[in-house]
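# What the coordinates show
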Amino acid sequence: MNLASIPSPSTGVIELGPIPLRGYAFCIIIGVFVAVWFGNKRWIARGGKAGTVADIAVWAVPFGLVGGRLYHVITDYQLYFSEGENWVDAFKIWEGGLGIWGAIAFGAVGAWIGCRRRGIPLPAWADALAPGIAFAQAIGRWGNWFNQELYGKPTDLPWAVEISEGANRVAGTYHPTFLYESLWCIGVALLVIWADRRFNLGHGRAFALYVAAYCAGRAWIEYMRVDEAHHILGLRLNVWTAIIVFVLAVVYIVVSAKLRPGREEIVEPDRDTTPGKDADAKDAEQDADAKDAEQDADAKKDPLSKDEPGESGKDLTAESTEAAAEKG
């Protein structure tokens, strides 16, 4: 018998007139804003310019959403392409289903494009954003609470989450794995902030620490879940993904520390790296040189020029000399 539990919302949608406000989408949006805001503060502290993080996020966020949805649909294709299922539901992102692995991978591609356009190093930008991403995940996980999804095994603990009867779920109280992961992500963010200050992390190592720490928590949290998933050698696919990515992140930290110790001294160049700007500057310089050459040519032709007097200048000099001789 449960003495206490966490109730789930009766609905994941709040109707604001004709506009439906979905809890899942709301949590994702708030998380993105927090990540950009906090990342901007860290970027400025590292010597970057205000607004750069937001400019690059314009590329990273859409790529991340697409990648997160693709990973979910591919790994849980039976939910959309099995007999009796409607494949159109694969596009209903507001109903839940974003794989963090695909979101980070595709988001990194978008961030790389944005960084390349601004002429700044991607690892430095990722280091600045790392704890903000963890905070964003902590907020975004509450979207699963609104949708009553991704819970763990049945339990009668006081903090169990109440799940109502619905499609592909049985009413009862379960481990709130969304809450566990949310708290873990907050811890990961604080760890990265502390380690970054303590060890002066740079060249992508702060981001790699975030990845490794998140994977360590995701592995045991994933093991608690009871929703349908693909298994390999008795472990859920996401557990294997967490293990592999954890190892890669740790290897990157070790190798990077040996090859590129310390932190970047300059994370954003002062010059304007807008595409076409260098070409425009070169054209302006050529125009200036041509104008100077034209002025020099005009000066040589000018009869009153002091540097190279013309014939008229010589006549005037001769007349002055003759006049002086007559007076003498």
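Below or above, wherever it landed, is the structure these notes cover. (Residues numbered from 1 in each chain as written. Predicted model: local features only at pLDDT ≥ 70, side-chain atom pairs only at ≥ 80, totals over all residues. Heavy atoms only, no water.)

## Describing the packing of aromatic side chains
Enumeration according to the criterion identifies 12 aromatic pairs in this entry. Ring centres 5.8 Å apart and planes at 85° place the aromatic pair Phe38 and Phe135 in the edge-to-face group. Within this pair, whereas Phe38 is found in helix H1 (residues 23-45), its partner Phe135 is found in helix H5 (residues 122-140), the two being separated by 97 residues in sequence. Through successive ring pairs, a cluster of aromatic residues spans Trp142, Trp145, Phe146 and Phe178. (Phe/Tyr/Trp six-rings, centres within 6.5 Å; stacked < 30°, edge-to-face > 60°. Helix = DSSP H or I, 4+ residues; strand = E, 2+ residues; numbered from the N terminus.)

## Focus on the nonpolar core
In terms of nonpolar packing, the biggest core is built from 38 residues, with Trp43, Trp101, Trp125, Val192 and Tyr210 touching the most fellow members. Here Trp43 is in contact with Gly48, Lys49, Thr52, Val53, Ile120, Ala124, Trp125, Ala128, Val267 and Glu268, once residues within four sequence places are set aside. (Core = buried A, V, L, I, M, F, W, Y, C linked by side-chain atoms within 4.5 Å. Buried < 20%, exposed > 50% of the residue type's maximum accessible area, 1.4 Å probe, protein only. Contact = heavy atoms within 4.5 Å.)

## Describing the pattern of salt bridges
Across all of its chains, the model carries 13 salt bridges by this definition. One salt bridge connects Arg118 with Asp55, and the closest N-O pair in it is separated by 2.6 Å. Here Arg118, found in helix H4 (residues 100-118), pairs with Asp55, found in helix H2 (residues 52-75); they are 63 residues apart in sequence, far enough to count as distant. The class of Arg118 is partly exposed, set by a relative accessible area of 25%. Arg236 is paired through a salt bridge with Asp227; the nearest N and O atoms lie 3.3 Å apart. (Salt bridge = Lys/Arg side-chain N within 4 Å of Asp/Glu carboxyl O.)

## Details of a nonpolar patch on the surface
Taken together, the side chains of Ile243, Phe246, Val247, Val250, Val251, Val254, Val255 and Leu259 make up a nonpolar region of the molecular surface, amounting to roughly 650 Å² of accessible area. Along the chain, Val255 turns up in helix H9 (residues 237-259). Owing to a relative accessible area of 43%, Val255 belongs among the partly exposed residues under this scheme. (Patch = residues over 30% accessible without salt bridge, like charges linked within 9 Å, V, L, I, M, F, W, Y side chains within 5 Å. Areas by Shrake-Rupley, 256 points an atom, 1.4 Å probe, with all protein chains shown as cover.)

## Describing empty space enclosed by the protein
With the rule as written, the count across this model stands at 1 cavity of 30 Å³ or more. Estimates place the volume of the largest cavity at around 30 Å³. Lining of the largest cavity is provided by Arg141, Asn144, Leu150, Thr177, Phe178, Glu181, Ile221 and Arg225. Counting residues per element, the lining of the largest cavity draws most heavily on helix H7 (residues 177-199), which supplies 3 residues. (1 Å grid on protein atoms, 1.4 Å probe; cavity = no way out; pocket = protein on both sides within 12 Å on 5 of 7 lines; lining within 4 Å. Points joined across faces, edges and corners; volume = space filled by probe spheres on them.)

## Things to note about the layout of surface pockets
Estimates place the volume of the second largest pocket at around 190 Å³. Along its surface, the second largest pocket is lined by Phe38, Lys41, Arg42, Ala45, Arg46, Ile193, Asp196, Arg197 and Arg263. Residue assignment for the lining of the second largest pocket shows that the elements contributing at least two residues are H1 and H7. With 4 residues, the top contributor of residues to the lining of the second largest pocket is H1.

## A word on H1
With 23 residues, H1 extends 33 Å between its outermost C-alpha atoms, agreeing within 8% with the 33 Å of an ideal straight helix rising 1.5 Å per residue. Residues Gly23, Tyr24, Cys27, Gly31, Ala35, Val36, Phe38, Gly39, Asn40, Arg42 and Trp43 constitute the buried set of H1. Residues of H1 that are buried sit in contact with strand E2 (19-22), H2, H5, helix H6 (142-147) and H7. Immediately beyond the C-terminal end of H1, within one or two residues, lies Gly47, with a positive phi of roughly 105°. (Expected span 1.5 Å × (residues − 1).)

## Here we look at unusual backbone geometry
Positive phi, close to 55°, is recorded for Asn200, a residue that is not glycine. The topology assignment puts Asn200 in the loop between H7 and helix H8 (205-224).

## A few points about the environment of Phe199
Inspection of the secondary structure assignment puts Phe199 in helix H7. Owing to a relative accessible area of 49%, Phe199 belongs among the partly exposed residues under this scheme. Taking the C-alpha atoms as reference, Phe199 lies 9.6 Å from Arg263; in sequence the two are 64 residues apart.

## Thoughts on the packing of H4 against H8
Direction vectors running N to C along H4 and H8 enclose 170°, while the axes themselves pass 13 Å from each other. Taken together, H4 and H8 sit at an angle that is classed as roughly antiparallel. Residues Ile100, Trp101 and Ile104 of H4 form the contact with H8, whose own contacting residues are Phe207, Tyr210, Tyr214, Cys215 and Arg218. Across the contact of H4 with H8, the residue classes tally to 7 nonpolar, no polar and 1 charged. (Axes fitted to C-alpha atoms, helices over the stretch in contact; angles between N-to-C directions. Parallel < 35°, antiparallel > 145°, perpendicular 65-115°, else oblique. Nonpolar A, V, L, I, M, F, W, Y, C, P; charged D, E, K, R; others polar.)

## Topic: the environment of Tyr151
Tracing the backbone shows Tyr151 in the loop between H6 and strand E3 (161-163). Classification of Tyr151 as buried rests on a relative accessible area of 11%. Note: C-alpha distance between Tyr151 and Glu162 (11 residues apart in sequence) is 9.7 Å. Sequence-distant contacts of Tyr151, that is, excluding residues within four places in its chain, are made with Val161, Ile163, Asn168, Arg169, Val170, Tyr174, His175, Thr177, Arg225, Val226 and Asp227.

## Thoughts on the packing of H1 against H2
One can describe the packing of H1 onto H2 by two numbers: an axis separation of 10 Å at closest approach and a directional angle of 145°. Our pair here, H1 against H2, has a crossing hand that is right-handed. Of the residues in H2, those in contact with Ile28, Val32, Val36, Gly39, Asn40 and Trp43 of H1 are Thr52, Val53, Ala54, Ala57, Val61 and Leu65. (Left-handed = near helix turned anticlockwise from the far one by under 90°.)

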